[in-house]
Amino acid sequence: MAPSDWVCRFSADLPAGRRVLDLACGRGRHVRWLAAQGHVVTAVDRDAQALAGLEDVAGEIVCADLESGTWPLTGRRFDLVVVTHYLWRPRLPEVLACVAPGGRLVWETFAAGQQRLGRPHNPDFLLQPLELIDHVRGPLHVLAFEDGLLDAPPRRVQRIAACRPCDPPGDPGSTFLLAPRP
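Residues numbered from 1 in each chain as written. Predicted model: local features only at pLDDT ≥ 70, side-chain atom pairs only at ≥ 80, totals over all residues. Heavy atoms only, no water.

**Considering the UniProt feature "domain: Methyltransferase" (unreviewed entry) in the protein**
When the UniProt feature table is mapped to this numbering, "domain: Methyltransferase" (unreviewed entry) covers residues 20-101. The annotated region residues 20-101 carries 23% helix and 29% strand content, and the separation between its end C-alpha atoms amounts to 13 Å. (UniProt positions renumbered as here; feature names shortened; annotations may be inferred. Helix = DSSP H or I, 4+ residues; strand = E, 2+ residues; numbered from the N terminus.)

**A closer look at unusual backbone geometry**
Residue Pro 120 follows Arg 119 across a cis peptide bond; omega there is -5°. Relative to the assigned elements, Pro 120 resides in the loop between strand 5 (99-110) and helix 5 (131-136). Residue Pro 153 follows Ala 152 across a cis peptide bond; omega there is -5°. As for its placement among the helices and strands, Pro 153 is situated in the loop between strand 6 (141-150) and strand 7 (155-163). Of note in the backbone geometry, Leu 130 takes a positive phi value of approximately 60° without being a glycine. Structurally, Leu 130 can be placed in the loop between strand 5 and helix 5.

**Regarding the sheet that holds strand 5**
If you trace the seven strands from one edge of the open sheet to the other, you get 3-2-1-4-5-7-6, paired in mixed fashion. Among the strands making up the open sheet, the edge pair consists of strand 3 (60-63) and strand 6. For this sheet, the mean inter-axis angle between neighbouring strands, taken without regard to orientation, is 10°. Sheet strands in contact with helix 2 (residues 29-36) are strand 1 (19-23), strand 2 (40-45) and strand 4 (78-84), and its direction is about 150° off that of strand 4. (Pairing = 2+ DSSP bridges. Axes fitted to C-alpha atoms, helices over the stretch in contact; angles between N-to-C directions. Contact = heavy atoms within 4.5 Å.)

**A look at the environment of Ser 68**
By secondary structure assignment, the location of Ser 68 is in the loop between strand 3 and strand 4. Ser 68 gets classed as partly exposed once you look at its relative accessible area, which sits at 40%. Residues Ser 68 and Arg 91 lie 23 residues apart in sequence; the distance between their C-alpha atoms is 9.9 Å. Engagement of the side chain of Ser 68 in a polar contact is seen with the side chain of Asp 65, the distance being 3.3 Å. (Buried < 20%, exposed > 50% of the residue type's maximum accessible area, 1.4 Å probe, protein only. Polar contact = N/O pair within 3.5 Å; in protein donor to acceptor, adjacent residues only side chain to side chain.)

**Quick notes on the confidence of the model for the protein**
Overall, the prediction assigns the protein a mean pLDDT of 90, with 91% of residues at 70 or greater. Within the model, the stretch residues 178-182 combines pLDDT values under 50 with 16 contacts to residues more than four positions away or in other chains. (pLDDT = per-residue confidence, 0-100.)

**Observations concerning the side chain of Arg 164**
Locating Arg 164 in the fold gives a position in the segment after strand 7. Buried within the structure, Arg 164 lacks any salt-bridge partner; its nearest side chain of opposite charge belongs to Asp 79, at an N-O separation of 10 Å. Separated by 2.6 Å, the side chain of Arg 164 and the backbone oxygen of Val 99 make a polar contact. (Lys, Arg positive; Asp, Glu negative; His and termini not counted. Salt bridge = Lys/Arg side-chain N within 4 Å of Asp/Glu carboxyl O.)

**Here's the deal with helix 2**
Those residues of helix 2 that sit buried are Arg 29, His 30, Val 31, Trp 33 and Leu 34. Against the buried residues of helix 2 lie helix 1 (5-9), strand 1, strand 2 and strand 4. After helix 2 finishes, the residue Gly 38 shows a positive phi value of roughly 95°.

This is how it looks when you write it as structure tokens:
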């Protein structure tokens, strides 16, 4: 499977060698693409079999169930955090905390309305209108947000790209190490 156009759009300009986290990476379509861009990728998923195919690609593999037990990345920070097709609301604060100063978050997942198009059907895994931006705005600076219907295949998603400022919040001189593409 090809990487998400959203992930490519908001990470293609990152200089090689960045520390990247692909959370709930599955079989690693983004791990592979990001590693090919020269990044050091930490791949996290609960499926050990899926992760086994990434041993020669990822810089680090973490097999962990993100929905139970302790958070496996406590205290760790990444220049880019990628999340696609995954939502577990109780972990939102930990995910946001993983974005390093000057770093980016790129997240794309399913939204309410998806249940009429395909999986997932469970409302626990579907974002409500504007929910993702409401969680991200504040801790991070939003660069772009979309909430709508995509095709090929048809799916209802929310997706966001955001940065953590390098300077303390409220500092008028706040800067970003990883500036968005024009």
